[in-house]
Amino acid sequence: MRRRALAIPALVAIGALTIAITAGPALSASGGHAEVAKKKKCKKKGKKRSADAAKKCKKKKKKKKAAPVVRATLNWSNGGSNDVDMDLFVFAAGGQQAGNGADTIPSSTLSPDLTGPAGSETFTDLAFNQRRPLSFGVCYRVSGSVHTDYTLTFITADGATHTETRADDGTPPSLGSEAHVNYSGGVPIPDNYCPGTNLVP
């Protein structure tokens, strides 16, 4: 009787040990699978975040616009008459042009047309990052023989700045009568943009 009583607890202990041994690997495997799944999920989230961040960066880059650049400035002074009409002209590769108050060149602005013994006109390129070649011209109209000084500053497609001053006491001299002067920037300049005037070299 005593032996049987001792055998029952021993059997219970052996059974519990067997269950623990059997369940241990299963629980361990279950925990391992859960950990792997968690890591994969985190990895996917990480990739998703990176992709979203990349998309946001691309969107930011697309939204960034090129800064406007004043490609040409015409200043004139010392005009001997109130009817002095000095016009800045700009010519693009597609045949478009700007000048005398009109502008057909895309992504650009031309300042208002001015007349008088002194004044200034500008042409602004809103897409200078495209490095568009442009040529320039100065058209001078006035009644009679009237000398007017001017300075033209322009930027070519390579980013170089060019300046020419024509003054009554300098070389080249100021314009003393109706004429036009061309400044090539790689684009053909039409012959008739300043009708009724002579080309001055």
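See above for the structure.
Computed from a prediction, not measured in an experiment: that's the story for all the values here.

*Asks:* What exactly am I supposed to notice about the overall build of the protein here?
*Replies:* The secondary structure content of the protein amounts to one helix and eleven strands. Counting from the amino terminus, helix and strand elements in the protein follow one another as α-β-β-β-β-β-β-β-β-β-β-β. A buried classification covers 32% of the 201 residues belonging to the protein. A fraction of 63% describes how many contacts in the protein between residues 6 or more apart in sequence connect residues 24 or more apart. Of the roughly 12800 Å² that the protein leaves accessible, carbon and sulfur atoms contribute 58%.

*Asks:* It is not clear to me how the sheet that holds strand β6 (residues 119–125) should be interpreted in this structure. Could you clarify?
*Replies:* Across a sheet, paired strands are connected by hydrogen bonds in the backbone, their directions being either parallel or antiparallel. Spatially, five strands are ordered β5-β6-β1-β8-β9 in an open sheet, and the strand pairing comes out antiparallel. What marks the edges here is a single partner per strand, and that holds for β5 (108–110) and β9 (161–166). With direction set aside, neighbouring strand axes in the sheet form an average angle of 10°.

*Asks:* Honestly, the nonpolar core in this entry has me stumped. Any pointers?
*Replies:* One recurring pattern in soluble globular proteins: nonpolar side chains tend to sit buried together. Core analysis: the largest hydrophobic core is formed by 25 residues, its most contacted members being Leu74, Val90, Phe123, Phe136, Tyr150, Leu152 and Tyr183. Taken together, the elements giving at least two residues each to this core come down to β1 (69–77), β2 (85–92), β7 (134–141), β8 (149–155) and β10 (179–183). Apart from the residues lying within four places of it in its own chain, the contact partners of Leu74 are Met86, Asp87, Leu88, Gly119, Ser120, Glu121, Val138, Tyr150, Thr151 and Leu152. Formed by seven residues, the second largest nonpolar core is a distinct cluster that contains Phe89, Phe91, Tyr193 and Cys194.

*Asks:* Could you clarify how one ought to interpret the side chain of Ser81 in this entry?
*Replies:* As for its placement among the helices and strands, Ser81 is situated in the loop between β1 and β2. A polar contact is formed between the side chain of Ser81 and the side chain of Asp83, at a distance of 2.4 Å.

*Asks:* I would appreciate a short explanation of the sheet that holds strand β4 (residues 102–103) in the present structure.
*Replies:* Strand order in the open sheet formed by six strands is β4-β3-β2-β7-β10-β11, and the pairing between neighbours is mixed. In this open sheet, the two strands that pair with only one neighbour each are β4 and β11 (198–199). Where strand β3 (residues 97–99) meets β4, two bridges bridge the pair, whose relative direction is antiparallel. Across the sheet, residue Gly99 finds its bridge partner in β4, namely Ala102.

Rules behind the numbers
- Residues numbered from 1 in each chain as written.
- Predicted model: local features only at pLDDT ≥ 70, side-chain atom pairs only at ≥ 80, totals over all residues.
- Heavy atoms only, no water.
- Helix = DSSP H or I, 4+ residues; strand = E, 2+ residues; numbered from the N terminus.
- Buried < 20%, exposed > 50% of the residue type's maximum accessible area, 1.4 Å probe, protein only.
- Contact = heavy atoms within 4.5 Å.
- Areas by Shrake-Rupley, 256 points an atom, 1.4 Å probe, with all protein chains shown as cover.
- Pairing = 2+ DSSP bridges.
- Axes fitted to C-alpha atoms, helices over the stretch in contact; angles between N-to-C directions.
- Core = buried A, V, L, I, M, F, W, Y, C linked by side-chain atoms within 4.5 Å.
- Polar contact = N/O pair within 3.5 Å; in protein donor to acceptor, adjacent residues only side chain to side chain.

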